[in-house]
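The residues making up each chain are set out below.
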Amino acid sequence: AAPVDEVAAWAKRCGLEQLWVAYAPVGYVRERLAALDAALANDGISLVPFVREYDRLIWPHCSKGFFQLRKRIPELLDALAEVDPNAGQLTGSEE
């Protein structure tokens with residue numbers, strides 16, 4: 001992983017106004033993103049976290065371990081398919 005100051009310098013060189021990143025709820029990545037957010041803010045660049053739809057659907061059910069989540073997988077896949085009909089389907093590059 002690139003150091004925070006290198007990423008901030010790259011974003012500034014590229015003339016970015018925003019840098020979008022996947023939301024990290026906890027842990028090392030969350031801490032690094034907080035540091036990156038501060039470094040980017042010094043240059044007037046916004047760090048914009050986004051949450052993928054499958055994360056939004058699944059995370060609320062992940063508090064009691066995999067076996068509790070496993071019971072809900074069919075309904076979660078159905079809910080995800082309603083939002084994205086191609087969700088869960090393999091493309092030629094993944095087979």
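Rules behind the numbers
Residues numbered from 1 in each chain as written. Predicted model: local features only at pLDDT ≥ 70, side-chain atom pairs only at ≥ 80, totals over all residues. Heavy atoms only, no water. Salt bridge = Lys/Arg side-chain N within 4 Å of Asp/Glu carboxyl O. Buried < 20%, exposed > 50% of the residue type's maximum accessible area, 1.4 Å probe, protein only. Helix = DSSP H or I, 4+ residues; strand = E, 2+ residues; numbered from the N terminus. Core = buried A, V, L, I, M, F, W, Y, C linked by side-chain atoms within 4.5 Å. Contact = heavy atoms within 4.5 Å. Expected span 1.5 Å × (residues − 1).

K.L.:
Give a detailed account of the pattern of salt bridges, specifying residues and quantitative values.
P.N.:
Using the criterion set out here, one finds four salt bridges in the structure. For Asp55, the salt bridge identified is with Arg52, shortest N-O distance 2.8 Å. On the basis of relative accessibility, which here comes to 10%, the residue Asp55 falls in the buried class. On the accessibility criterion, Arg52 (34% relative accessible area) is partly exposed. For the salt bridge of Arg56 with Glu53, the shortest nitrogen-to-oxygen distance reads 2.3 Å. Note that Arg56 and Glu53 are positioned in helix H3 (residues 53-58) at a spacing of three residues, about one turn of the helix. Arg56 gets classed as partly exposed once you look at its relative accessible area, which sits at 46%. Accessibility expressed as a relative area gives 26% for Glu53, which makes it partly exposed.

K.L.:
With reference to specific residues and values, describe the nonpolar core.
P.N.:
Grouped burial of nonpolar side chains is what soluble globular proteins tend to show. The biggest cluster of nonpolar side chains holds 12 residues, and these are Val4, Ala8, Ala11, Leu19, Val21, Ala24, Leu33, Leu36, Ala39, Leu40, Ile45 and Leu47. Of all the elements in the fold, those that place two or more residues in this core are helix H1 (4-13), strand S1 (18-22) and helix H2 (27-42). The element that contributes the greatest number of residues to this core is H2, accounting for four residues. Beyond its immediate stretch of four places on either side in the chain, Leu47 contacts Leu19, Val21, Leu33, Leu36, Asp37 and Leu40.

K.L.:
With reference to specific residues and values, describe H2.
P.N.:
For H2, spanning 16 residues, the distance from its first C-alpha to its last is 24 Å, which sits close to the expected 22 Å at 1.5 Å a residue. Structurally, H2 contributes buried residues whose contacts are with H1, S1 and strand S2 (46-50).

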